[in-house]
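Descriptive structure summary
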Amino acid sequence: MTFTDHIGTPIQIPNPPERIVSLVPSITELLFDLGLQKQIVGRTKFCIFPNEGYPNAKIVGGTKNVHVDIVRQLKPDLVIANKEENVKEQVDEISKFSPTFTTVVKTRDDALKMMADLGQITERKIQSQDLIAEIQENFKTNHIEKQFKVIYLIWKKPYMTVGGDTYISNFISDFGFKNCFENQIRYPSIQLEEIQEIKPDLIMLSSEPYPFNEQDKEEIYKKTGINTVLVDGSYCSWYGSRMLKSQNYLRQLSNKMT
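From a predicted model like this one, the values you see are computed outputs, not experimental measurements. Each residue is numbered by its place in its chain's sequence as written, counting from 1. Owing to the predicted nature of the model, reporting of local features is limited to residues with pLDDT of at least 70; listing and counting of side-chain atom pairs is limited to 80 or more, with chain, interface and lining totals taken over all residues. As a convention, hydrogens and water are excluded, and side-chain values are obtained from all of the structure's heavy atoms.

**Things to note about the sheet that holds strand β4 (residues 40–43)**
Any two strands are treated as partners once DSSP identifies two or more bridges connecting them. By definition, any uninterrupted DSSP run of H or I lasting at least four residues is a helix, any uninterrupted run of E lasting at least two residues is a strand, and each is numbered from the N terminus. Judged by pairing direction, the sheet is parallel, and its five strands sit side by side in the order β5-β4-β3-β6-β7 without closing on themselves. The open sheet has two free edges, formed respectively by β5 (58–59) and β7 (100–103), since each of these has just one partner strand. Here strand β3 (residues 20–22) pairs with β4 via three bridges, running parallel. Bridge assignment links Ser22 to a residue of β4, and that residue is Arg43. For this analysis, residues touch if any pair of their heavy atoms sits within 4.5 Å. Axis angles are defined between N-to-C directions and span 0 to 180 degrees, where every axis is a line fitted to C-alpha atoms and, for a helix, only to the segment in contact. Across the sheet, helix α4 (residues 108–121) touches β6 (78–82) and β7, and the angle it forms with β7 is around 165°.

**Here's the deal with helix α6 (residues 167–175)**
An α-helical turn contains 3.6 residues, so any two residues separated by three or four positions project in the same direction. By the burial criterion, the buried members of α6 are Tyr167, Ile168, Ser169, Phe171, Ile172 and Phe175. Looking at the buried residues of α6, the elements they touch are α4, α5 (125–142), β8 (149–155), β10 (178–179), α9 (234–237) and α10 (242–255). The first or second residue beyond α6 is Gly176, which carries a positive phi of 145°. Only protein chains enter the accessibility calculation, which uses a 1.4 Å probe; a residue whose area is less than 20% of its type maximum is buried, one above 50% is exposed, and one in between is partly exposed.

**Things to note about the side chain of Asp5**
Of note, Asp5 is situated in the loop between β1 (2–4) and β2 (10–12). In this tally, Asp and Glu contribute negative charge and Lys and Arg positive charge; neither His nor the terminal groups of the chain are included. In the sections that follow, a salt bridge refers to a side-chain nitrogen of Lys or Arg positioned within 4 Å of a carboxyl oxygen of Asp or Glu. Notably, Asp5 is buried but unbridged: the nearest opposite-charge side chain belongs to Lys113, and the N-O separation is 9.0 Å. Each polar contact in these results corresponds to two N or O atoms within 3.5 Å; when the atoms are within protein, one needs to be able to donate a hydrogen and the other to accept it, and residues that are neighboring in sequence are counted only if both atoms are side-chain atoms. In terms of polar contacts, Asp5 uses its side chain to reach the backbone amide nitrogen of Ile7, at 3.1 Å. Apart from residues no more than four positions distant in its own chain, Asp5 is found in contact with Ile11, Thr100, Phe101 and Thr102.

Printed below as a string of structure tokens:
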């Protein structure tokens, strides 16, 4: 069957695909939750949820350093990539020998469309629709009315935050938090002095890609005097079935601030 991926490329995919390589951790987890664990023959080293969920899937490298030759050896009939998470040159090389569906996810609606598309491609349409409905209902329940101004840090040396065109910013803003850097793009570098001037209600230190720890938390709080918390980055940056857990996670975080 022919499908068009999120960058506008038409893809010929067997119906349904039986050998899937996922280059996107959050999508690998989604495929598992759609009941496709047996079809996953390749994954990245960051595809870690659920624990021990892919005993028969070969690791093909990381999201930014995919070993193309290993992917080729697996003879997949579907490779799933993401425009931001994966390297274009590597994805282009893979697409020469395997149908490759590239996703683009920057908002909650994008994530839901991705779920619907992959549900159709893998003949898990009912399961994906049920998941989408549950996420939408869960969002209504957990959405917070009071907006807390937040700065979400993803890196140290230099400190880096998230701009308004990222999935992280759109997701936490959609939930109810206000990203203090929503008017910037990508991942701007900032100084702690800037944070002090902005005076957010909360500084969120992500566990990924930089693994902020308790020492970082104490150091930043000491220098800024602003409430600082460590957050599990997977709950704010993983689109897919983890969005269900994400909404509950953010709700619990907001409850601690009221």
